[in-house]
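Overview (structure and organization)
What follows is each chain in one-letter form.
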Amino acid sequence: MSSDLDRALDEAVLAAKSALTRCTTVDDWEAAATAHLGRKSAINGLLRQIATLPTDQRGPFGKRANESSRTLTAEFDARKADLLANSLAAVRDFDPSTPGVALRRGHEHPVLAIRREVEDVFVSMGFRVQDGPEVETEAYNFEALNIPSHHPARDFQDTFWVDDPAGRRLVMRTHTSPMQVRAMRQFGAPLRVIVPGRVYRNETADATHESAFHQVEGLVVDRGISVAHLKGVMAAVLGRLFGGEVAVRLRPHYFPFVEPGFELDFQCRFCAGAGCAVCKGTGWIELLGCGLVHAHVLKAGGVDPEAFTGFAFGLGLDRLTMMRHGVEDIRHFHGGDLRFFEQF
Ligand code: PHE
């Protein structure tokens with residue numbers, strides 16, 4: 001019996017000492033002291049057993065156990081004093097004037113920065129800024145925009161279709177134009193709104209095409225809106241974005257949701273219209289699709305086409321950013337190469 005107890009005592013003392021050597025902080029110490037000297041510790045259990053021993057064993061084991069406990073307590077106390085002194089020294093030796101480790105800070109993506117600029121310009125002209133869903137219904141993305149099912153834009157190659165457990169016909173929006181109808185339904189006429197956001201096309205990526213890119217939709221609905229308003233607003237906006245006078249021109253173009261429809265070009269900033277590599281010798285750079293809102297679209301938005309007319313445009317933000325910074329490949333915008341982004 002007594003030899004079992006002796007062995008148990010030896011083990012308890014050893015365990016306590018090795019726990020103590022592993023302590024590097026006052027918190028470690030607290031945990032070790034509780035485990036090895038506390039009420040529920042092995043040593044405490046052994047001390048409590050002394051009283052139950054036969055008288056002849058009680059004396060020798062009791063003495064040894066009590067001595068071990070006292071020594072351990074003294075060692076623990078000494079160690080705690082050391083640890084406390086160390087932690088105080090650490091505080092005292094801290095030099096607040098030492099330069100910190102510089103954190104690497106990120107910054108806005110160049111496309112997002114242009115988007116904010118564009119938003120500011122339009123807000124200053126009385127437009128509201130709206131968000132719209134990137135997953136759209138076929139009805140908003142196509143039908144409400146007067147795009148019949150045989151139109152090439154409905155081609156499966158251009159559109160990412162989304163599986164919907166509820167059986168709705170959903171797409172990743174191929175343009176921000178569905179927001180024309182949503183905005184008219186929500187706010188009615190008259191209305192000035194822009195809708196910046198991401199759009200998706202099922203295309204092979206190359207230097208000027210990505211399967212995800214950014215547009216800003218614009219819509220103005222009021223009494224007597226004409227092509228002159230469209231052209232004037234776009235020239236003013238580009239003047240604000242690029243500084244100075246910016247010459248723009250409209251070329252007739254077909255979009256099912258506008259009539260008449262145009263593509264808007266602005267004069268090349270790099271050669272002032274003389275012709276260069278950037279504008280491929282034409283002196284003009286294509287920027288956006290636009291036109292007067294088709295009567296069918298006004299109706300789909302709940303607006304009376306007899307009382308109101310409107311213009312709409314879909315501005316490509318990536319293209320604009322590329323122009324602004326002379327970026328030659330749109331794929332840089334989605335590549336994770338920090339050397340590219342750190343230039344902005
Ligand atoms: N939604 C068209 C596109 O993505 C652009 C556009 C918008 C054209 C509004 C006319 C009016 O190409």
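Residues numbered from 1 in each chain as written. Predicted model: local features only at pLDDT ≥ 70, side-chain atom pairs only at ≥ 80, totals over all residues. Heavy atoms only, no water.

**Remarks on the packing of aromatic side chains**
- Under the definition given, this model contains eight aromatic pairs.
- By the ring-pair criterion, three or more aromatic residues cluster together here, those being Phe333, Phe340, Phe341 and Phe344.
- A cation over an aromatic ring shows up here: Arg128 above the ring of Phe187, its NZ or CZ 3.8 Å from the ring centre.
- In this structure, Arg182 is placed above the aromatic ring of Tyr140, and the distance from its NZ or CZ to the ring centre is 4.0 Å. (Phe/Tyr/Trp six-rings, centres within 6.5 Å; stacked < 30°, edge-to-face > 60°. Lys NZ or Arg CZ within 6 Å of the ring centre and 35° of its normal.)

**Concerning the site of the ligand**
- Residues in contact with the ligand amount to 14 residues; listed here are only the nearest, His175, Ser177, Arg201, Gln215 and Gly314.
- Measuring from a nitrogen atom of the ligand, one finds a side-chain N or O atom of His175 at 3.0 Å.
- Between Gln215 and the ligand, the recorded distance is 2.9 Å, taken from a side-chain N or O atom to an oxygen atom.
- Coverage of the ligand by the protein amounts to 91% of the 330 Å² it exposes when considered alone.
- If you list the elements that add at least two residues to the shell around the ligand, you get strand S6 (212–222), strand S9 (284–293) and strand S10 (309–316).
- Among the elements that make up the shell around the ligand, the one with the highest residue count is S10 (three residues).
- Considering only residue class, the shell around the ligand consists of six nonpolar, six polar and two charged. (Near = heavy atom within 4 Å. Polar contact = N/O pair within 3.5 Å; in protein donor to acceptor, adjacent residues only side chain to side chain. Areas by Shrake-Rupley, 256 points an atom, 1.4 Å probe, with all protein chains shown as cover. Helix = DSSP H or I, 4+ residues; strand = E, 2+ residues; numbered from the N terminus. Nonpolar A, V, L, I, M, F, W, Y, C, P; charged D, E, K, R; others polar.)

**Some remarks on the packing of helix H5 (residues 110–124) against helix H8 (residues 227–242)**
- Relative to each other, H5 and H8 sit at 130 degrees, their axes nearing to 10 Å. Viewed along their axes, H5 and H8 adopt a mutual orientation that is oblique. For the pair H5 and H8, the crossing hand works out as right-handed. Note on element contacts: H8 touches H5 through Val233, Val237, Arg240 and Leu241, opposite Glu117, Val118, Val121, Phe122 and Ser124. (Axes fitted to C-alpha atoms, helices over the stretch in contact; angles between N-to-C directions. Parallel < 35°, antiparallel > 145°, perpendicular 65-115°, else oblique. Left-handed = near helix turned anticlockwise from the far one by under 90°. Contact = heavy atoms within 4.5 Å.)

**Section: the packing of helix H3 (residues 42–49) against helix H4 (residues 55–93)**
- Packing of H3 against H4 brings their axes to within 10 Å, and their N-to-C directions diverge by 150 degrees. Here H3 lies roughly antiparallel to H4, going by the angle between them. Along this stretch, H3 crosses H4, giving a crossing that reads as left-handed. Contact residues: H3 offers Ile43, Leu46 and Leu47, while H4 offers Phe61, Ala65, Asn66, Ser69 and Leu72.

**Description of the sheet that holds S6**
- Spatial strand order, S1-S5-S6-S10-S9-S8-S7: seven strands in an open sheet with mixed pairing. The open sheet is flanked by strand S1 (128–129) and strand S7 (248–252), the only strands paired with a single partner.
- This element, H5, spans S1, strand S5 (191–200), S6 and S10 of the sheet and lies at about 170 degrees to S5.
- Sheet strands touched by helix H10 (residues 317–325): S6, strand S8 (258–267), S9 and S10. Its angle to S10, the strand with the most contacts, is close to 55 degrees. (Pairing = 2+ DSSP bridges.)

**Structural notes on the nonpolar core**
- Counting 42 residues, the largest nonpolar core has Val118, Phe266, Phe313 and Leu320 as the members making the most contacts within it.
- Within the residue set of this core, elements represented by two or more residues are H5, S6, H8, S8, S9, S10, H10 and helix H11 (338–341).
- It is H8 that provides the largest number of residues to this core, a total of seven residues.
- Ignoring anything within four residues of it in the chain, the contact list for Phe313 reads Phe122, Ile194, Val216, Glu217, Gly218, Met234, Leu288, Gly289 and Cys290. (Core = buried A, V, L, I, M, F, W, Y, C linked by side-chain atoms within 4.5 Å. Buried < 20%, exposed > 50% of the residue type's maximum accessible area, 1.4 Å probe, protein only.)

**Considering the pattern of salt bridges**
- Applying the stated criterion to the full structure yields 19 salt bridges.
- Across the pair Arg115 and Glu119 runs a salt bridge, and its minimum N-O distance is 2.9 Å. Of this pair, Arg115 and Glu119 both sit in helix H5, four residues apart, which is roughly one turn of that helix.
- Residue classification places Arg115 among the partly exposed residues on the basis of a relative accessible area of 23%.
- The exposure class of Glu119 is buried, given its relative accessible area of 16%.
- A salt bridge links Arg324 to Glu117, with the nearest nitrogen and oxygen atoms 2.7 Å apart. Of this pair, Arg324 sits in helix H10 while Glu117 sits in helix H5, placing them 207 residues apart in sequence.
- Assessed through its relative accessible area of 30%, Arg324 is described here as partly exposed. (Salt bridge = Lys/Arg side-chain N within 4 Å of Asp/Glu carboxyl O.)

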